[in-house]
Amino acid sequence: MSSRVELESWKKLCASADRLQSQHLKSLFSTDTQRFERFSRQEPGVLFDFSKQLIDEQAFSELVDLAEACDIAAWREKMFSGEKINITEQRAVLHVALRNRNNTPIYVDGADITAQVNVELEKMRLFSERVRSGNWLGYTGRSVKDVVAIGVGGSNLGPQMVTEALAAYADDTLDVHYVSNVDGGQIASVLNKLNPETTLFVVSSKTFTTSETMTNAKTAVEWFLQSAQDQAAIAKHFVAVSTNLEKTRAFGIADENVFTMWDWVGGRFSLWSAIGLPIALYLGFDKFVAVLEGAFEIDQHFCQAPNEQNIPLIMALLSVWNTSFLGCQAQAILPYDQALHMLPAYLQQGEMESNGKHVTFAGEEVNYRTVPIIWGMTGINGQHAFYQCLHQGNVIVPADFIASIEPQHKVGKHHDILLSNFFAQTEALMAGVDAEQVRSDLLAKGKSEQEIAALIPHKIHKGNRPTSSFILDKVDAKGVGRLIALYEHKIFCQGIILDICSFDQWGVELGKGLASNIETELTNPEVVNPHDSSTAGLIEYYKKNRKN
Ligand code: F6P
């Protein structure tokens, strides 16, 4: 397969990048009064405005040509039909099958997985309704009041981000608490507030071998047994979500308390599976289904919309444009909605564990930048933290701004104030403020010529910072489902365009293996492994000074 850089469309885009980097977005807007209409798309529930990206019609057309040259439609068909496109693990990539609300059959190795998914969804429904109705009783006959969800990475970020996003819609049936960090402080701070008689643990781990999760789960069992005293009571207070029944049995969780998932579901794309059980327990199964339905709508859009109308594909093309052509090294995710405060963290795994790669599908070193560093926080808080850098730094950081028309909480004029900042910041990042504007502003403030001359260079904002704006109807269950699916398909498209396998994560293996060896050194004084002098010095310092 020829390298992407040899494609005609890629070469044209390199020329367009040179052409556009000498232009300013302000002039692109002033010469095209229809720019917003030209570079924005609307789908039910979402407006996507990419007119503040540094593109023109020619570059946009070349980006769409690049998508076509990379056979994006054929790859999409491969994914949706269950082809094993996760080539290094020989697995299908079928998180879309988890929210296949049309129930069309999808086959993996000859089995219709749609039927399997529906069996698991029904099991989730029955269980979550039994727990929420108070009919699932603990070892002292009391119903569940608290759920502790133990898991890390994709077994944590999805469920936690969604439950935080939708907390406004929760009733007071039960509370959900997340434990993901192996730092004992996290599980200690959770458990010391809870009553073992009314606490249900959901241990989520696709492999059921992740050291952090297994450590937290064992600590939870020890805490529980201090009160229950009886191993048999575990069955009433521990359920698991995993593909690995052998390991869940070995841990002591009965098969009937295990919710299965499948190896064709990547961890970072798994919240739609039983990994999302904490969502159903906390919000009710109907809300969990609404999240699935929102994602399904976007799946339909992704499959049916022509490339130039296809929102996730455009998102991917713009990220490739900014990263691989304009040389940007990061991308900020800036939700103007407190409920979406975990979205940047969720997308860090989604984007950077998928596309943080350096070789092509064929294993050849890529000769272009792949994934940008994904980071961010709620926009308003960011305005008082890092927006100085976004506006006047000499590093360009493309950003996704996300807001909603309708707030979850109607409090005075807060939403209008929030949205005024949302609108103002992308305008300021695009337009900037030049010397002439600074001068007239300072003159109006009565500054002397000397003062003005000294201040102008410090007050100029160059602008020309690219952003995309998303306006959701509302951050509700369907809205969150839509938003996550948009980014999932963006990640997929970006990987295909970059010719990289977005579906494995070999880069996490080395650290895990070294940590396991060093853990043995820290727990067994007989064991000393060879290390570089830094690592050896650090380990020795810790061992010498720790209080056992
Ligand atoms: O970060 C590596 C990783 O394998 C992720 O892909 C995954 O979501 C996480 O660890 C947890 O894995 P598991 O669900 O198997 O515990």
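Residues numbered from 1 in each chain as written. Predicted model: local features only at pLDDT ≥ 70, side-chain atom pairs only at ≥ 80, totals over all residues. Heavy atoms only, no water.

## Description of the state of the cysteines
Under the convention used in this document: Disulfides are defined in this document as cysteine sulfur pairs within 2.5 Å. Burial classification: accessible surface area is computed with a 1.4 Å probe over protein chains only, and a residue below 20% of its type maximum counts as buried, one above 50% as exposed, and the rest as partly exposed.
According to the stated counting rule, one finds zero disulfides in the structure shown. The thiol of C493 is unpaired, and the distance to the nearest cysteine sulfur, on C303, comes to 10 Å. A residue is classified by how much of its surface remains accessible, and C493, at 0% relative accessible area, is buried. There is no disulfide at C501, and the cysteine sulfur nearest it, in C493, is 15 Å away.

## Thoughts on the packing of aromatic side chains
Note the following rule: Note on aromatic contacts: the rings of Phe and Tyr and the six-membered ring of Trp form a pair at centre separations within 6.5 Å, being stacked when their planes are under 30 degrees apart, edge-to-face when over 60 apart, and tilted otherwise. The numbering of helices and of strands both runs from the N terminus, where a helix is a DSSP run of H or I of at least 4 residues and a strand a run of E of at least 2. Only when the NZ atom of a Lys or the CZ atom of an Arg is both within 6 Å of the ring centre and within 35 degrees of the ring normal do we say a charge sits over the ring.
On inspection of all chains with the given rule, the structure shows 29 aromatic pairs. Consider the rings of F224 and F238, whose centres lie 5.8 Å apart with planes at 75°: the pair is edge-to-face. Residue F224 is located in helix α9 (residues 211–228), and its partner F238 is located in strand β8 (residues 238–242); the two are separated by 14 residues in the primary sequence. In terms of burial, F224 and F238 fall into one category: buried. Sitting over the ring of F29, R35 keeps its end group 5.2 Å from the ring centre. The ring of W272 has R99 lying over it, and the distance from NZ or CZ to the ring centre is 4.5 Å.

## Quick word on the domain arrangement of the protein
So the rule is basically this: Where each domain starts and ends follows an automatic or database-derived domain assignment.
Assigned domains within the protein: domain 1 (105–288) and domain 2 (507–545). If you average the C-alpha positions of domain 1 and of domain 2, the two centres end up 32 Å apart.

## Things to note about the pairing of strand β11 (residues 373–376)
Residues in a regular strand project their side chains so that they alternate between the two faces of the sheet. Using the following cut-off: Two strands qualify as a pair provided DSSP detects at least 2 bridges between them. By convention, a crossover is right-handed whenever its connection, traced from the first strand over the helix to the second and viewed with the strands pointing away, goes clockwise.
Bridging between strand β10 (residues 330–335) and β11 involves four bridges; their strand directions are parallel. Its bridge partner being in β11, I333 is matched across the sheet by G376. The handedness of the β10 to β11 crossover, carried by helix α15 (residues 343–355), is right-handed.

## Observations concerning the side chain of D49
To keep things clear, this is the line we draw: His residues and chain termini do not enter the charge count, which takes Lys and Arg as positive and Asp and Glu as negative. Salt bridge, as applied in this entry: a Lys or Arg side-chain nitrogen positioned within 4 Å of an Asp or Glu carboxyl oxygen. Residues adjacent in sequence count toward polar contacts only when both atoms are side-chain atoms; beyond that, a polar contact is any pair of N or O atoms within 3.5 Å, and within protein one must be able to donate a hydrogen and the other to accept it. What makes two residues a contact is simply this: any of their non-hydrogen atoms within 4.5 Å.
When you line up the elements, D49 lands in strand β2 (residues 46–49). No salt bridge is formed by the buried D49. Its closest oppositely charged neighbour is K52, at 4.4 Å. Side-chain polar atoms of D49 contact the side chain of S51, separated by 2.5 Å. With residues near it in sequence (within four places) discarded, D49 still touches F36, F39, S40, T467, S468 and S469.

## A few points about the site of the ligand
For clarity, the threshold we go by: By convention in this text, a residue qualifies as near a molecule or strand provided that one of its non-hydrogen atoms is within 4 Å of it. Here the Shrake-Rupley method, with its probe set to 1.4 Å, supplies the accessible areas, and only the displayed protein chains count as covering residues. Only Asp, Glu, Lys and Arg are considered charged in this grouping, and only Ala, Val, Leu, Ile, Met, Phe, Trp, Tyr, Cys and Pro are considered nonpolar; every other residue, Gly among them, is considered polar.
Near the ligand there are 14 residues, and of these G154, S155, S205, T210 and E353 occur at the shortest range. The side chain of S205 places a nitrogen or oxygen atom 2.7 Å from an oxygen atom of the ligand. Contact with the protein chains hides 87% of the accessible area of the ligand, taken as 390 Å² for the molecule alone. Residues of the shell around the ligand, tallied by class, amount to two nonpolar, nine polar and three charged.

## Side note on unusual backbone geometry
Although it is not a glycine, D71 sits at a positive phi angle of roughly 55°. Locating D71 in the fold gives a position in the loop between α4 (57–69) and α5 (72–80). By relative accessible area, which is 46% here, D71 ends up partly exposed.

## Details of helix α23 (residues 533–545)
The test is simple: A helix is expected to span 1.5 Å for every residue after the first.
If you check α23, its first and last C-alpha atoms are 18 Å apart, about what 13 residues at 1.5 Å a residue would give, namely 18 Å. Backbone nitrogen of S534 and a side-chain oxygen of the N-cap are separated by 3.0 Å at the start of α23; the cap is D532.

## Things to note about the pattern of salt bridges
Tallying each qualifying case throughout the model produces 21 salt bridges. Its salt-bridge partner being E488, residue R99 comes within 2.8 Å of it at the nearest N-O pair. Of this pair, R99 sits in the loop between α5 and β3 (107–108) while E488 sits in helix α21 (residues 477–498); the two residues are 389 residues apart in sequence, bridging distant segments of the chain. By relative accessible area, which is 0% here, R99 ends up buried. By relative accessible area, E488 is classed as buried at 3%. The partner of D504 in a salt bridge is K357, and the shortest N-O contact between them spans 2.9 Å. Here D504 is found in the loop between α21 and α22 (509–523), whereas its partner K357 is found in the loop between α15 and β11, with 147 residues between them in sequence.

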